[in-house]
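Understanding the architecture of this molecule
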Amino acid sequence: MKNYWPRSPLFFLKWLGIACLFFACASSFAQTGASSGEPLLLARNKKSAKAPVVVKSIRHSRKADKTRVVIDLSRSAAYTISRHPASQQVRIQLAKAVIGKPLKHRRNFSVKGSLIRRIEARQDGKNRVDIALTYSGLGMHKPLVLKHPDRLVLDFYPPERAAPPFEIQTIVVDPGHGGKDPGAMSKSGLTEKEVVLDVSRRLKKLIEKRLKKKVILTRNRDVFISLKKRTRIANENRADLFISVHVNSSPRRNTKGIEVYLMGRASNRRALAVARRENAAMHDGLRNFQEMILDDLEREFTKNASLELAHFTNDAIKKNLISKYPTPALGVKKAPFFVLAHTEMPAILAELSFLSNRVEEKRLRSKSYRQRAAEALFKGIKNYIDSLNAGL
Ligand SMILES: [Zn+2]
(Lines give C-alpha, C1' and ligand atoms only; values in the text may rest on other atoms or scores of the structure.)
Protein backbone atom coordinates (compact mmCIF):
# COMPACT_ATOMS: atom_id res chain seq x y z
CA MET A 1 0.00 0.00 0.00
CA LYS A 2 2.79 2.38 0.87
CA ASN A 3 4.36 1.88 -2.53
CA TYR A 4 1.18 2.71 -4.14
CA TRP A 5 0.83 6.28 -2.87
CA PRO A 6 3.68 7.94 -4.77
CA ARG A 7 1.96 6.93 -7.99
CA SER A 8 -1.46 7.92 -6.86
CA PRO A 9 -1.62 11.60 -7.98
CA LEU A 10 -1.09 10.51 -11.60
CA PHE A 11 -3.43 7.65 -11.11
CA PHE A 12 -6.18 10.00 -9.85
CA LEU A 13 -5.56 12.49 -12.62
CA LYS A 14 -6.07 9.72 -15.17
CA TRP A 15 -9.31 8.72 -13.61
CA LEU A 16 -10.41 12.32 -13.34
CA GLY A 17 -9.76 12.71 -17.06
CA ILE A 18 -11.79 9.64 -17.91
CA ALA A 19 -14.59 10.75 -15.64
CA CYS A 20 -14.65 14.21 -17.27
CA LEU A 21 -14.77 12.70 -20.72
CA PHE A 22 -17.63 10.51 -19.65
CA PHE A 23 -19.65 13.39 -18.27
CA ALA A 24 -18.96 15.56 -21.28
CA CYS A 25 -20.17 12.80 -23.58
CA ALA A 26 -23.17 12.10 -21.41
CA SER A 27 -24.25 15.73 -21.44
CA SER A 28 -23.76 16.06 -25.18
CA PHE A 29 -25.81 12.93 -25.71
CA ALA A 30 -28.50 14.45 -23.57
CA GLN A 31 -28.47 17.60 -25.65
CA THR A 32 -28.66 15.93 -29.04
CA GLY A 33 -31.28 13.58 -27.71
CA ALA A 34 -33.46 16.46 -26.61
CA SER A 35 -33.16 18.58 -29.70
CA SER A 36 -33.26 16.15 -32.58
CA GLY A 37 -35.70 13.70 -34.04
CA GLU A 38 -39.16 14.30 -35.41
CA PRO A 39 -41.01 12.04 -32.99
CA LEU A 40 -39.85 14.31 -30.20
CA LEU A 41 -41.15 17.34 -32.03
CA LEU A 42 -44.52 15.70 -32.51
CA ALA A 43 -44.65 14.86 -28.87
CA ARG A 44 -43.80 18.41 -28.04
CA ASN A 45 -46.58 19.74 -30.23
CA LYS A 46 -49.11 17.54 -28.53
CA LYS A 47 -47.97 18.61 -25.14
CA SER A 48 -47.40 22.23 -26.01
CA ALA A 49 -50.94 23.24 -25.11
CA LYS A 50 -50.24 22.30 -21.51
CA ALA A 51 -46.52 22.78 -21.00
CA PRO A 52 -45.70 26.34 -19.94
CA VAL A 53 -43.71 28.60 -22.20
CA VAL A 54 -40.16 28.95 -20.95
CA VAL A 55 -38.62 32.40 -21.09
CA LYS A 56 -35.10 31.35 -21.98
CA SER A 57 -33.24 34.60 -22.18
CA ILE A 58 -33.58 38.33 -22.65
CA ARG A 59 -31.11 40.03 -24.95
CA HIS A 60 -30.69 43.62 -26.01
CA SER A 61 -28.80 45.40 -28.72
CA ARG A 62 -28.41 48.95 -29.93
CA LYS A 63 -28.73 49.89 -33.54
CA ALA A 64 -28.40 53.23 -35.26
CA ASP A 65 -31.98 54.30 -34.79
CA LYS A 66 -33.35 51.96 -32.19
CA THR A 67 -32.80 49.71 -29.21
CA ARG A 68 -33.91 46.14 -29.62
CA VAL A 69 -34.90 43.81 -26.80
CA VAL A 70 -35.35 40.15 -27.67
CA ILE A 71 -37.18 37.74 -25.40
CA ASP A 72 -36.31 34.16 -26.35
CA LEU A 73 -39.11 31.67 -25.74
CA SER A 74 -39.42 27.91 -25.87
CA ARG A 75 -42.50 28.38 -28.04
CA SER A 76 -45.00 31.06 -28.95
CA ALA A 77 -46.88 32.70 -26.11
CA ALA A 78 -49.80 34.99 -25.53
CA TYR A 79 -48.55 38.37 -24.42
CA THR A 80 -49.70 41.85 -23.58
CA ILE A 81 -47.65 45.01 -23.65
CA SER A 82 -48.52 48.12 -21.72
CA ARG A 83 -46.77 51.39 -21.20
CA HIS A 84 -46.64 53.21 -17.89
CA PRO A 85 -45.35 56.76 -18.34
CA ALA A 86 -45.44 57.51 -14.60
CA SER A 87 -42.86 54.85 -13.80
CA GLN A 88 -41.26 55.11 -17.25
CA GLN A 89 -41.79 51.46 -17.90
CA VAL A 90 -42.95 49.22 -20.68
CA ARG A 91 -44.34 46.03 -19.18
CA ILE A 92 -44.74 42.75 -20.96
CA GLN A 93 -46.85 39.99 -19.53
CA LEU A 94 -46.49 36.49 -20.84
CA ALA A 95 -49.31 34.10 -20.06
CA LYS A 96 -48.69 30.48 -19.14
CA ALA A 97 -44.99 31.14 -18.91
CA VAL A 98 -42.15 30.42 -16.53
CA ILE A 99 -38.66 31.85 -16.19
CA GLY A 100 -36.10 29.39 -17.55
CA LYS A 101 -33.06 28.24 -15.62
CA PRO A 102 -30.36 30.30 -17.37
CA LEU A 103 -32.37 33.45 -16.83
CA LYS A 104 -32.96 32.77 -13.16
CA HIS A 105 -29.43 33.90 -12.37
CA ARG A 106 -29.73 37.09 -14.34
CA ARG A 107 -33.26 38.38 -13.99
CA ASN A 108 -32.47 42.00 -13.40
CA PHE A 109 -29.81 43.96 -15.09
CA SER A 110 -28.94 47.50 -16.04
CA VAL A 111 -28.24 48.54 -19.57
CA LYS A 112 -25.84 51.35 -20.30
CA GLY A 113 -26.03 53.91 -23.09
CA SER A 114 -29.40 52.79 -24.37
CA LEU A 115 -33.03 53.93 -24.37
CA ILE A 116 -33.76 51.01 -22.08
CA ARG A 117 -32.02 51.51 -18.77
CA ARG A 118 -33.06 48.44 -16.89
CA ILE A 119 -34.56 45.04 -17.58
CA GLU A 120 -36.35 43.09 -14.89
CA ALA A 121 -38.02 39.72 -15.23
CA ARG A 122 -40.26 38.35 -12.53
CA GLN A 123 -42.28 35.19 -12.06
CA ASP A 124 -45.76 36.37 -11.14
CA GLY A 125 -47.57 33.47 -9.54
CA LYS A 126 -47.25 30.04 -11.04
CA ASN A 127 -47.67 30.74 -14.70
CA ARG A 128 -47.17 34.34 -15.59
CA VAL A 129 -43.95 36.14 -16.32
CA ASP A 130 -43.76 39.90 -16.01
CA ILE A 131 -40.95 41.73 -17.70
CA ALA A 132 -40.46 45.41 -16.94
CA LEU A 133 -38.28 47.56 -19.17
CA THR A 134 -37.42 50.90 -17.64
CA TYR A 135 -36.72 53.55 -20.22
CA SER A 136 -35.64 57.14 -20.36
CA GLY A 137 -36.92 59.46 -23.06
CA LEU A 138 -38.70 56.99 -25.26
CA GLY A 139 -40.55 57.53 -28.51
CA MET A 140 -42.59 54.71 -29.88
CA HIS A 141 -42.17 51.00 -29.29
CA LYS A 142 -43.03 48.26 -31.71
CA PRO A 143 -43.51 44.60 -30.89
CA LEU A 144 -42.59 41.95 -33.42
CA VAL A 145 -43.26 38.24 -33.21
CA LEU A 146 -40.63 36.04 -34.83
CA LYS A 147 -40.30 32.32 -35.24
CA HIS A 148 -37.50 29.76 -35.62
CA PRO A 149 -36.67 30.16 -32.84
CA ASP A 150 -39.77 31.63 -31.19
CA ARG A 151 -39.08 35.06 -29.81
CA LEU A 152 -40.75 38.32 -29.03
CA VAL A 153 -38.84 41.30 -30.32
CA LEU A 154 -39.41 44.86 -29.13
CA ASP A 155 -37.96 47.81 -30.94
CA PHE A 156 -37.70 51.09 -29.11
CA TYR A 157 -37.25 54.38 -30.90
CA PRO A 158 -35.98 57.66 -29.49
CA PRO A 159 -38.47 60.52 -29.01
CA GLU A 160 -37.42 62.47 -32.10
CA ARG A 161 -38.59 59.54 -34.15
CA ALA A 162 -41.81 59.33 -32.20
CA ALA A 163 -43.96 59.25 -35.31
CA PRO A 164 -44.67 55.65 -36.19
CA PRO A 165 -42.75 54.43 -39.22
CA PHE A 166 -46.05 53.62 -40.82
CA GLU A 167 -48.98 55.88 -41.12
CA ILE A 168 -52.50 54.57 -41.39
CA GLN A 169 -53.36 55.38 -44.97
CA THR A 170 -55.79 52.80 -46.22
CA ILE A 171 -58.67 51.26 -44.32
CA VAL A 172 -60.70 48.39 -45.69
CA VAL A 173 -64.31 48.26 -44.54
CA ASP A 174 -65.88 44.88 -45.15
CA PRO A 175 -69.68 44.68 -45.23
CA GLY A 176 -70.44 41.03 -44.52
CA HIS A 177 -72.35 38.71 -46.86
CA GLY A 178 -74.15 39.95 -50.00
CA GLY A 179 -75.80 38.54 -53.10
CA LYS A 180 -76.88 34.92 -52.65
CA ASP A 181 -75.68 35.04 -49.06
CA PRO A 182 -78.11 37.19 -47.04
CA GLY A 183 -76.40 36.57 -43.70
CA ALA A 184 -78.78 36.70 -40.77
CA MET A 185 -82.42 37.43 -41.47
CA SER A 186 -85.15 38.76 -39.21
CA LYS A 187 -88.63 37.28 -39.00
CA SER A 188 -90.00 40.12 -41.06
CA GLY A 189 -87.34 39.66 -43.74
CA LEU A 190 -84.72 42.34 -42.95
CA THR A 191 -81.36 40.94 -44.04
CA GLU A 192 -77.94 41.35 -42.50
CA LYS A 193 -76.40 42.01 -45.93
CA GLU A 194 -78.45 45.18 -46.50
CA VAL A 195 -77.98 46.56 -42.98
CA VAL A 196 -74.20 46.09 -42.96
CA LEU A 197 -73.76 47.55 -46.44
CA ASP A 198 -75.56 50.70 -45.34
CA VAL A 199 -73.56 50.99 -42.09
CA SER A 200 -70.30 50.37 -43.99
CA ARG A 201 -71.07 53.07 -46.56
CA ARG A 202 -71.78 55.50 -43.74
CA LEU A 203 -68.53 54.52 -42.04
CA LYS A 204 -66.59 55.02 -45.28
CA LYS A 205 -67.99 58.54 -45.62
CA LEU A 206 -67.07 59.44 -42.05
CA ILE A 207 -63.48 58.20 -42.37
CA GLU A 208 -62.94 59.93 -45.72
CA LYS A 209 -64.45 63.19 -44.57
CA ARG A 210 -63.02 63.48 -41.09
CA LEU A 211 -59.78 61.52 -41.24
CA LYS A 212 -58.93 62.04 -44.89
CA LYS A 213 -57.94 58.41 -45.25
CA LYS A 214 -58.51 56.16 -48.19
CA VAL A 215 -61.33 53.68 -47.63
CA ILE A 216 -61.95 50.59 -49.72
CA LEU A 217 -65.23 48.71 -49.39
CA THR A 218 -64.94 45.00 -50.15
CA ARG A 219 -68.35 45.36 -51.77
CA ASN A 220 -70.43 48.43 -52.56
CA ARG A 221 -73.53 46.66 -53.80
CA ASP A 222 -75.59 43.58 -53.20
CA VAL A 223 -73.15 41.06 -54.60
CA PHE A 224 -71.64 37.85 -53.31
CA ILE A 225 -67.93 38.14 -52.49
CA SER A 226 -66.07 35.12 -51.16
CA LEU A 227 -64.32 35.42 -47.84
CA LYS A 228 -61.05 34.69 -49.59
CA LYS A 229 -61.56 37.58 -51.97
CA ARG A 230 -62.35 39.93 -49.11
CA THR A 231 -59.03 39.18 -47.46
CA ARG A 232 -57.27 39.46 -50.81
CA ILE A 233 -58.72 42.92 -51.37
CA ALA A 234 -57.31 44.00 -48.01
CA ASN A 235 -53.91 42.35 -48.51
CA GLU A 236 -53.36 43.41 -52.12
CA ASN A 237 -54.24 47.01 -51.34
CA ARG A 238 -51.87 46.88 -48.39
CA ALA A 239 -54.58 48.12 -46.10
CA ASP A 240 -53.49 49.27 -42.66
CA LEU A 241 -56.73 48.34 -40.92
CA PHE A 242 -59.53 45.91 -41.66
CA ILE A 243 -63.00 46.39 -40.19
CA SER A 244 -65.59 43.74 -40.93
CA VAL A 245 -69.17 44.83 -40.26
CA HIS A 246 -71.86 42.31 -39.31
CA VAL A 247 -75.04 42.00 -37.34
CA ASN A 248 -75.75 39.09 -35.08
CA SER A 249 -78.42 36.46 -34.78
CA SER A 250 -79.37 33.93 -32.16
CA PRO A 251 -81.99 31.19 -31.88
CA ARG A 252 -82.88 32.82 -28.56
CA ARG A 253 -84.93 35.83 -29.43
CA ASN A 254 -84.16 37.64 -26.20
CA THR A 255 -80.40 37.57 -26.80
CA LYS A 256 -79.17 41.08 -27.54
CA GLY A 257 -76.09 43.25 -27.39
CA ILE A 258 -73.03 44.30 -29.33
CA GLU A 259 -69.67 42.57 -29.48
CA VAL A 260 -66.30 43.09 -31.10
CA TYR A 261 -64.18 40.19 -32.26
CA LEU A 262 -60.59 39.61 -33.07
CA MET A 263 -58.87 36.52 -34.34
CA GLY A 264 -58.15 33.86 -31.76
CA ARG A 265 -59.31 30.78 -29.99
CA ALA A 266 -63.03 31.09 -29.36
CA SER A 267 -63.73 32.88 -26.07
CA ASN A 268 -66.74 30.66 -25.43
CA ARG A 269 -69.16 28.35 -27.19
CA ARG A 270 -71.38 31.13 -28.48
CA ALA A 271 -68.37 32.99 -29.92
CA LEU A 272 -67.49 29.84 -31.85
CA ALA A 273 -71.08 29.58 -33.09
CA VAL A 274 -70.91 33.19 -34.33
CA ALA A 275 -67.65 32.47 -36.20
CA ARG A 276 -69.15 29.32 -37.74
CA ARG A 277 -72.11 31.28 -39.03
CA GLU A 278 -69.93 34.04 -40.45
CA ASN A 279 -67.56 31.50 -42.02
CA ALA A 280 -70.44 29.61 -43.62
CA ALA A 281 -69.83 31.24 -47.02
CA MET A 282 -66.68 29.13 -47.23
CA HIS A 283 -67.82 25.92 -48.84
CA ASP A 284 -64.65 24.45 -50.23
CA GLY A 285 -61.60 24.31 -48.17
CA LEU A 286 -63.42 24.86 -44.91
CA ARG A 287 -61.68 21.85 -43.49
CA ASN A 288 -58.35 23.17 -44.70
CA PHE A 289 -59.15 26.46 -43.13
CA GLN A 290 -59.97 24.88 -39.80
CA GLU A 291 -56.76 22.90 -39.91
CA MET A 292 -54.84 26.03 -40.70
CA ILE A 293 -56.52 27.86 -37.85
CA LEU A 294 -55.57 25.12 -35.44
CA ASP A 295 -52.01 25.47 -36.64
CA ASP A 296 -52.22 29.20 -36.19
CA LEU A 297 -53.75 28.86 -32.79
CA GLU A 298 -50.92 26.62 -31.70
CA ARG A 299 -48.83 29.73 -31.89
CA GLU A 300 -51.26 31.51 -29.67
CA PHE A 301 -49.79 34.90 -30.19
CA THR A 302 -52.18 37.66 -29.47
CA LYS A 303 -52.14 40.17 -32.23
CA ASN A 304 -51.53 43.14 -30.09
CA ALA A 305 -52.66 45.76 -32.55
CA SER A 306 -55.94 44.00 -33.28
CA LEU A 307 -56.54 43.73 -29.58
CA GLU A 308 -55.97 47.43 -29.11
CA LEU A 309 -58.16 48.32 -32.06
CA ALA A 310 -60.88 46.03 -30.68
CA HIS A 311 -60.75 47.69 -27.29
CA PHE A 312 -60.84 51.20 -28.69
CA THR A 313 -63.82 50.19 -30.82
CA ASN A 314 -65.59 48.48 -27.95
CA ASP A 315 -65.15 51.57 -25.77
CA ALA A 316 -66.41 53.84 -28.53
CA ILE A 317 -69.47 51.63 -29.03
CA LYS A 318 -70.28 51.85 -25.34
CA LYS A 319 -69.83 55.60 -25.27
CA ASN A 320 -71.43 56.55 -28.54
CA LEU A 321 -73.98 53.87 -29.37
CA ILE A 322 -75.02 51.98 -26.27
CA SER A 323 -75.36 55.25 -24.34
CA LYS A 324 -78.22 56.16 -26.67
CA TYR A 325 -79.53 52.68 -27.50
CA PRO A 326 -79.21 50.68 -24.28
CA THR A 327 -78.18 47.07 -24.82
CA PRO A 328 -75.58 44.80 -23.22
CA ALA A 329 -71.99 45.55 -24.18
CA LEU A 330 -70.88 41.99 -24.80
CA GLY A 331 -67.28 43.13 -25.01
CA VAL A 332 -64.15 42.11 -26.88
CA LYS A 333 -63.96 38.44 -27.79
CA LYS A 334 -61.88 36.09 -29.83
CA ALA A 335 -63.02 33.57 -32.40
CA PRO A 336 -61.53 31.98 -35.53
CA PHE A 337 -63.11 34.12 -38.25
CA PHE A 338 -61.75 33.45 -41.73
CA VAL A 339 -61.54 37.13 -42.68
CA LEU A 340 -59.61 37.96 -39.53
CA ALA A 341 -57.23 35.04 -39.88
CA HIS A 342 -56.14 35.86 -43.40
CA THR A 343 -55.79 39.61 -43.32
CA GLU A 344 -52.26 40.77 -42.74
CA MET A 345 -53.12 43.95 -40.86
CA PRO A 346 -54.85 44.71 -37.54
CA ALA A 347 -58.34 43.36 -38.11
CA ILE A 348 -61.58 43.28 -36.16
CA LEU A 349 -65.14 42.19 -36.75
CA ALA A 350 -68.06 44.01 -35.16
CA GLU A 351 -71.41 42.36 -34.54
CA LEU A 352 -73.74 45.31 -34.24
CA SER A 353 -76.72 43.93 -32.28
CA PHE A 354 -79.09 41.06 -33.03
CA LEU A 355 -81.49 40.87 -35.94
CA SER A 356 -83.21 38.05 -34.09
CA ASN A 357 -84.19 40.38 -31.25
CA ARG A 358 -87.40 42.36 -31.78
CA VAL A 359 -86.16 45.63 -30.27
CA GLU A 360 -82.77 45.50 -31.98
CA GLU A 361 -84.32 44.55 -35.33
CA LYS A 362 -86.42 47.69 -35.12
CA ARG A 363 -83.29 49.72 -34.42
CA LEU A 364 -81.41 48.12 -37.29
CA ARG A 365 -84.19 49.22 -39.64
CA SER A 366 -83.73 52.88 -38.72
CA LYS A 367 -81.32 55.21 -40.45
CA SER A 368 -80.55 56.99 -37.21
CA TYR A 369 -79.33 53.78 -35.56
CA ARG A 370 -77.22 52.83 -38.57
CA GLN A 371 -75.64 56.28 -38.60
CA ARG A 372 -74.95 56.10 -34.89
CA ALA A 373 -73.41 52.66 -35.28
CA ALA A 374 -71.16 53.98 -38.06
CA GLU A 375 -70.18 56.93 -35.86
CA ALA A 376 -69.27 54.57 -33.01
CA LEU A 377 -67.08 52.43 -35.28
CA PHE A 378 -65.52 55.60 -36.65
CA LYS A 379 -64.68 56.85 -33.14
CA GLY A 380 -63.05 53.53 -32.32
CA ILE A 381 -60.84 53.72 -35.40
CA LYS A 382 -60.04 57.38 -34.78
CA ASN A 383 -59.09 56.81 -31.15
CA TYR A 384 -56.88 53.91 -32.17
CA ILE A 385 -55.08 56.02 -34.77
CA ASP A 386 -54.72 58.89 -32.27
CA SER A 387 -53.12 56.48 -29.80
CA LEU A 388 -50.57 55.44 -32.43
CA ASN A 389 -49.72 59.04 -33.16
CA ALA A 390 -49.31 59.75 -29.48
CA GLY A 391 -46.92 56.82 -29.28
CA LEU A 392 -48.92 55.30 -26.44
ZN1 LIG B 1 -72.51 38.22 -40.65
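Scroll up to find the structure this text is about.
Residues numbered from 1 in each chain as written. Predicted model: local features only at pLDDT ≥ 70, side-chain atom pairs only at ≥ 80, totals over all residues. Heavy atoms only, no water.

The secondary structure content of the chain amounts to 11 helices and 16 strands. For the chain, the proportion of its 392 residues judged to be buried stands at 47%. Looking at the chain alone, contacts between residues at least 24 apart form 72% of all its contacts between residues at least 6 apart. Taken as a whole, the chain presents about 21300 Å² of accessible surface, with 56% of it coming from carbon and sulfur. (Helix = DSSP H or I, 4+ residues; strand = E, 2+ residues; numbered from the N terminus. Buried < 20%, exposed > 50% of the residue type's maximum accessible area, 1.4 Å probe, protein only. Contact = heavy atoms within 4.5 Å. Areas by Shrake-Rupley, 256 points an atom, 1.4 Å probe, with all protein chains shown as cover.)

Cis rather than trans, the peptide bond between His148 and Pro149 has omega equal to -5°. We note that Lys96 has phi near 50°; this positive angle belongs to a residue other than glycine. Structurally, the position occupied by Lys96 is in the loop between strand E4 (89-95) and strand E5 (97-99). One non-glycine residue, His148, lies in the positive phi region at around 55°. Mapped onto the fold, His148 is located in the loop between strand E9 (141-146) and strand E10 (151-156). The exposure class assigned to His148 is exposed, which follows from its relative accessible area of 74%.

Moving on, we get to the coordination of the zinc ion. For the zinc ion, the full set of protein donor atoms is His177 (NE2), Glu192 (OE), His246 (ND1), Glu278 (OE) and Glu278 (OE), and the range of their distances to it is 1.9 to 2.4 Å. The sequence motif formed by the donor residues of the zinc ion is H-x14-E-x53-H-x31-E. Of this pair, His177 sits in the loop between strand E11 (170-175) and helix H4 (192-211) while His246 sits in strand E13 (residues 241-248), placing them 69 residues apart in sequence. Classification of His177 as buried rests on a relative accessible area of 5%. The exposure class of His246 is buried, given its relative accessible area of 4%. (Donors = N, O, S within 2.8 Å, 3.2 Å for Na, K, Ca; no water.)

Attention now moves to the side chain of Asp130. For Asp130, the position within the fold is in strand E8 (residues 128-135). Among the polar contacts made by the side chain of Asp130, one reaches the side chain of Arg128 at a distance of 3.3 Å. Setting aside residues no more than four positions away along its own chain, Asp130 makes contact with Ile92, Gln93, Glu120, Ala121, Arg122 and Asp124. (Polar contact = N/O pair within 3.5 Å; in protein donor to acceptor, adjacent residues only side chain to side chain.)

The α-helix advances 3.6 residues per turn, and as a result positions three or four apart in sequence lie on the same side. Within the sequence span of helix H5 (residues 227-236), burial applies to Leu227, Arg230, Thr231, Ile233, Ala234 and Asn235. Buried residues along H5 sit in contact with E11, strand E12 (214-217), E13, helix H6 (269-279) and helix H9 (338-341). Looking one or two residues beyond H5, the residue adopting positive phi is Arg238, at roughly 50°.

This brings us to the nonpolar core. Considering soluble globular proteins, one finds that nonpolar side chains tend to be buried as a cluster. Residues Ile171, Leu203, Ile207, Ile317 and Leu352 are the most contacted members of the largest nonpolar core, which totals 43 residues. Contributing elements (two or more residues each) for this core: E11, H4, E12, E13, strand E14 (258-263), helix H8 (304-322), strand E16 (347-354) and helix H11 (367-389). A per-element tally of this core places H11 first, with 10 residues. Apart from the residues within four sequence positions on either side, Ile317 is in contact with Ile258, Val260, Ile322, Leu352, Ala376 and Leu377. Counting 29 residues, the second largest nonpolar core, distinct from the first, contains Ile71, Ile116, Ile131 and Leu154. (Core = buried A, V, L, I, M, F, W, Y, C linked by side-chain atoms within 4.5 Å.)

Function cannot be inferred from these measures alone, as they are strictly geometric.
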